[in-house]
Amino acid sequence: MTDVAENVAAAAVSTPAIGQSIRRKEDARLLTGTTNWTDNIQLPGALHMVFVRSPYAHARITRVELTAARAMPGVVAAYAAADLGEANPKIICVWPVTDDIVMPEFPALATDEVRHVGDCVAVVLATDRYLAADAAEAVEVDYEPLPAVIDMEAALADGAPLVHADKGTNKCYSMSYPCGDWDKAVAEADVVVKRRFVNQRLIPSPMEPRAVVAAPQGNLSEMTIWTATQIPHVLRVLLSLTTGVPEHKLRVIAPDVGGGFGAKLQMYREEQLCVVIAGKLGRPIKWTETRTENMVATHHGRDQIQYLQIAAKSDGTLLGLKVDLIANMGAYLQIITPGIPLLGQFMFNSIYKMDAYHFGCTSVFTTTTPTDAYRGAGRPEATFGIERMMDELAAELGRDPMELRQQNWIRHEEFPFTTIAGMTYDTGNYEAATARAMELFDYDGLRAEQQQRRESGDPVQLGIGISTFTEMCGLAPSRVLRDLKYAAGGWEHCTIRMLPTGTVELVTGTSPHGQGHATAWSQIAADQLGVGVDDVTVIFSDTGMAPYGMDTYGSRSLAVGGQAIVKAADAVVAKARQIAAHLLEASADDLEFLDGSFRVKGDPEQVKTIQAVAWEAFTAHNLPDGMDPTLFGASTVDPDGFSFPHGTHLCAMEVDTETGKATIRKYVAVDDVGVQVNPMIVEGQIHGGLAQGIAQALWEGAHYDEDGNLTTASLADYLLPTAMDVPEYVTDRTITPSTTHPLGTKGVGEAGTIASTPAVVNAVVDAIRHLGVQDVPMPCTPQTVWRALQAASGRGAAGGGAA
């Protein structure tokens, strides 16, 4: 049998899998339509759930009448808050960032008041989604309108209408984080530049809207939930805490998930109600979000006002930075809403050295859709703020903005470097990334062209935008999260099993939704174990099959989950080494492991493949005394610190001064994400991130009128870019391996989004700064650019921006 076992599975190849642009394993299913989205799931006897949502931003509910709806064909049940009583679940916030934070109740179905357009008032369940929708139209709700609260700064004023009257304030929390002596920095400064910037509200808009199926199992005491989520493991805990279903009786499955961007890093009311009502009726319950619902009921992102001051000497030396934020929480707190703006707390200083830094944030409730994580989550806002301010300071000093950055950034020989904000960056080489970007961009040539256009009075002016950034990713160190008052940890888990046939099962706690984990994790395991990439099967996103994990968000999957894979594989090899030594009648210390085989040092004919060892571990016919059968390894990793990818993005923008139209002429992105497991996947992540970051700069923006109506409530009004809208990118990488990761890798999922927005806006402003423009509010549409030009020339109003 041993001879047969030696030939089981494919022979390991000597070419490393890590670093290869292997085509994604996931793509065949996606391209052939054999995926399993939550909405594809059809269960016998399932009822379809449809919501009655508030048309008012703020109103008192005086009557909910369900009689007519309950009498409609196919309707099995209908509920308002009063019908559910104590069973009406509540969303809980797991990030109470200060001791005195105001945390209002957030019921799944509104009880006395609705507080944003789209707030849930009632729910109808029928045998068909269309019958349920018809019945929802028959629900009668009487409202007594109350004042809408839309403007963040007005909401904080004395006498402002209150979103939650019982709390007596619209302020959720205020906090400050002083580092160094800001007053001293100002006193010693030759120049202090002050600006007011707005990071507008964004709507995440994943390709697949949200969907949930909840099904009682067996004797109805167990429940399986399929849901389009990024966080099946976290969601399982939260659903248990809020619905009363014991955690061990809940199984959460995230099937194929069509994008998340932070919008599915959440526990939503719809998920809670599916579980509660499925248990109540003893039947499967299904809900699929419409795009209209998505615009008002899925949480939004960003929505932050930034008051920034930067102090410097006349020679350009930075002395300090002061940040005062006003952050919009929306009507309620979702699970991590308060913490999102604070993720920028440690990153506004970015890659620059300074002696003083002061961060402050005031958060506010408004009668708008709640905000929460959106790709980058707090770090794009921070990067936007500091990169815009570096350009503003350069303009004030009459300096080239790139030279000013080079003067003040951390040099590569200074790493590891502890910043003024207290973060220790392990590695970086901003000089190398910038040099490569400037070479690809032809920085000097474009500057010369810019000067020529200005001198000739060309109506189409050229602007050059810079973003030299770093980001904090791999949201992981549990003790740091504790200190930040975050309720959960940041560890990650992996189990690797060598099967008797010589193939590998890798069970991960990460939960992909487009990132390519099935491919990249296979590459890591293949190299560590010396097997073929196709011999590795990755299991994820199912708490029944992968019970341990903290899921996927914040560019943490590779930064944290990748470490768990390496250590689990190491455990497999360590056990296999003992078995191989026994079979070869050699000391384990005398064995070397290379390309999937154990060899006796000095005797290359003495060899056992890891597949052969896996077979022996299965049969257990000839194991060392006291050793358990089977061959597997497990690891739970809680890193000591974050990961810090960085890069330089350069944008050339042509701005028509007569129409305000801004067009990207060239975009160069050189990113350093450490060692790349799969360069093709990295490229895809960068491209996707660029599209979203550029979209914030040029197109996207959610707007409410004074009554609290979302005026961008469809894709006809909310301008998502298509492939026809985004430019072609010139991309490249430098590689500075991380010293805190066994593979030298860093995060990549959010880099493009974080870097690109300020690069584009800096380019727009740079094109027309000589005409008196200091800022163009995002999105930089032709209208906003034109208004900024008119205001600068004294012929109109800018509509916000620099102050």
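Everything here concerns the structure above.
The residue count restarts for each chain, going from 1 along the sequence in the order it is written. Since the coordinates come from a predicted model, pLDDT governs what is reported: local features require at least 70, and pairs of side-chain atoms require 80 or more to be given and counted, while whole-chain, interface and lining totals use all residues. Note that water and hydrogens are dropped before the side-chain values are worked out from all heavy atoms of the structure.

A short note on the overall build of the protein
Put simply, DSSP marks the helices as runs of H or I at least four residues long and the strands as runs of E at least two long, and each gets a number from the N terminus on. Across its full length, the protein carries 21 helices and 28 strands. Throughout, radius of gyration means the C-alpha value; the globule benchmark is 2.2 Å times the number of residues raised to the power 0.38. Compactness check: the protein gives a C-alpha radius of gyration of 28 Å against a globular reference of 28 Å for 803 residues, within 12% of the reference. With the C-alpha coordinates of the protein rotated into their principal frame, the extents come out at 90 × 75 × 45 Å. To sort residues, take the accessible area from a 1.4 Å probe on protein chains only and compare it with the maximum for the residue type: under 20% means buried, over 50% means exposed, and anything in between is partly exposed. By the burial criterion, 61% of the 803 residues in the protein qualify as buried. Carbon and sulfur atoms make up 51% of the accessible area of the protein, which amounts to about 29,100 Å² in all. This count recognises Lys and Arg as positive and Asp and Glu as negative, with His and chain-terminal groups excluded. To locate a charge, take atom NZ for lysine, CZ for arginine, CG for aspartate or CD for glutamate. Treating the 61 positive side-chain charges of the protein as one cloud and the 97 negative ones as another, the clouds have centres 2 Å apart. Using the Shrake-Rupley algorithm and a 1.4 Å probe, accessible areas are obtained, with residue cover drawn only from the displayed protein chains.

Here's the deal with the nonpolar core
Side-chain atoms within 4.5 Å link the members of a nonpolar core, which is a set of buried Ala, Val, Leu, Ile, Met, Phe, Trp, Tyr and Cys residues. Ranked by size, the top nonpolar core spans 144 residues in total, and within it M49, M653 and Y667 carry the most contacts. The dominant element in this core, judged by the number of residues it contributes, is helix α20 (residues 751–768), at 11 residues. For this analysis, residues touch if any pair of their heavy atoms sits within 4.5 Å. Apart from residues lying up to four places away in sequence, M49 is in contact with V123, V124, L125, E270, L273, C274, I277, I285, K286 and W287. Core analysis: the second largest hydrophobic core is formed by 44 residues, V504, A564, A614 and V677 among them.

With respect to helix α19 (residues 679–698)
The end-to-end C-alpha distance of α19 is 28 Å, a good match for the 28 Å that 20 residues give at a rise of 1.5 Å each. Within α19, 14 of the 20 residues are buried, leaving the element largely enclosed by the surrounding structure. As used in this structure description, the phrase polar contact means that two N or O atoms lie within 3.5 Å; if the pair is within protein, one of them must be able to donate a hydrogen and the other to accept it, and residues adjacent in sequence are counted only when both atoms belong to side chains. Taking the backbone nitrogen of M680 as reference, a side-chain oxygen 3.0 Å away marks N678 as the first, capping residue of α19. By this rule the span expected of a helix is its residue count minus one, scaled by 1.5 Å.

What to know about the pattern of salt bridges
When their charged atoms lie close together, side chains carrying opposite charge are able to pair. A pair is scored as a salt bridge if a Lys or Arg side-chain nitrogen falls within 4 Å of a carboxyl oxygen belonging to Asp or Glu. Summed over the entire model, instances satisfying the criterion amount to 45 salt bridges. Across the pair R269 and D119 runs a salt bridge whose closest N-O atoms are separated by 2.5 Å. Of this pair, R269 sits in helix α9 (residues 269–281) while D119 sits in the loop between β4 (113–114) and β5 (120–126); the two residues are 150 residues apart in sequence, bridging distant segments of the chain. The exposure class of R269 is buried, given its relative accessible area of 4%. Notably, a salt bridge pairs D775 with R388, separated by 3.1 Å at the nearest N-O pair. On the criterion of sequence distance, the pair formed by D775 in the loop between α20 and α21 (782–792) and R388 in helix α11 (residues 379–397) is long-range, its members being 387 residues apart. When its relative accessible area of 0% is taken as the criterion, R388 is described as buried.

Some words on the side chain of N88
One can find N88 in the loop between α4 (81–84) and β4. Sequence-distant contacts of N88, defined by excluding residues within four places in its chain, comprise A81, P107, A108, L109, T111 and L273.

Points about the sheet that holds strand β14 (residues 318–330)
Any two strands with at least two DSSP-identified bridges between them are counted as paired. The sheet built from 5 strands is open, its strands ordered β7-β15-β14-β13-β8 with mixed pairing. Lying at the two open borders of the sheet, with one neighbouring strand each, are β7 (171–179) and β8 (191–202). Averaged over neighbouring strand pairs, the angle between their axes works out to 10° when direction is ignored. Looking at chain direction, strand β13 (residues 301–312) and β14 are connected through 9 bridges and run antiparallel. Within β14, the position partnered with Q309 by the bridge is K322. Contacting β8, β13 and β14, α11 crosses the sheet at an angle of about 145° to β8. Only the stretch in contact is used when fitting a helix axis, every axis being a line fitted to C-alpha atoms; angles between N-to-C directions are given from 0 to 180 degrees.

A short note on the environment of P73
Tracing the sequence through the fold places P73 in the loop between α3 (67–70) and β3 (75–80). The spacing of P73 and A135 is 62 residues in sequence and 8.2 Å in space, taken between C-alpha atoms.

What to know about the pairing of strand β1 (residues 47–53)
With 7 of its 7 residues buried, β1 lies for the most part within the structure. Here 2 bridges tie β1 to strand β12 (residues 285–288), and the two strands are oriented parallel to one another. When the sheet's bridge partners are listed, H48 is paired in β12 with K286. Where β1 meets β5, 6 bridges bridge the pair, whose relative direction is antiparallel. Along β5, the bridge assignment pairs F51 with V123.

Quick look at the packing of aromatic side chains
Within 6.5 Å between ring centres, the rings of Phe, Tyr and Trp (the latter by its six-membered ring) count as paired, and their orientation is classed by plane angle as stacked under 30 degrees, edge-to-face over 60, tilted in between. Across all of its chains, the model carries 13 aromatic pairs by this definition. Note on F197 and F384: the rings are 5.9 Å apart at their centroids and 80° apart in plane angle, and the pair reads as edge-to-face. Here the residue F197 occupies a position in strand β8, and F384 occupies one in helix α11, the gap between them amounting to 187 residues. We note that F197, like F384, is buried. Between the aromatic rings of W409 and Y430, the centroid separation amounts to 6.2 Å while the plane-to-plane angle is 65°, which identifies the pairing as edge-to-face. Placement of W409 in the loop between α12 (401–408) and β16 (417–418) and of Y430 in helix α13 (residues 430–441) is noted, with a sequence separation of 21 residues between them. Judged by its relative accessible area of 3%, W409 falls in the buried class.

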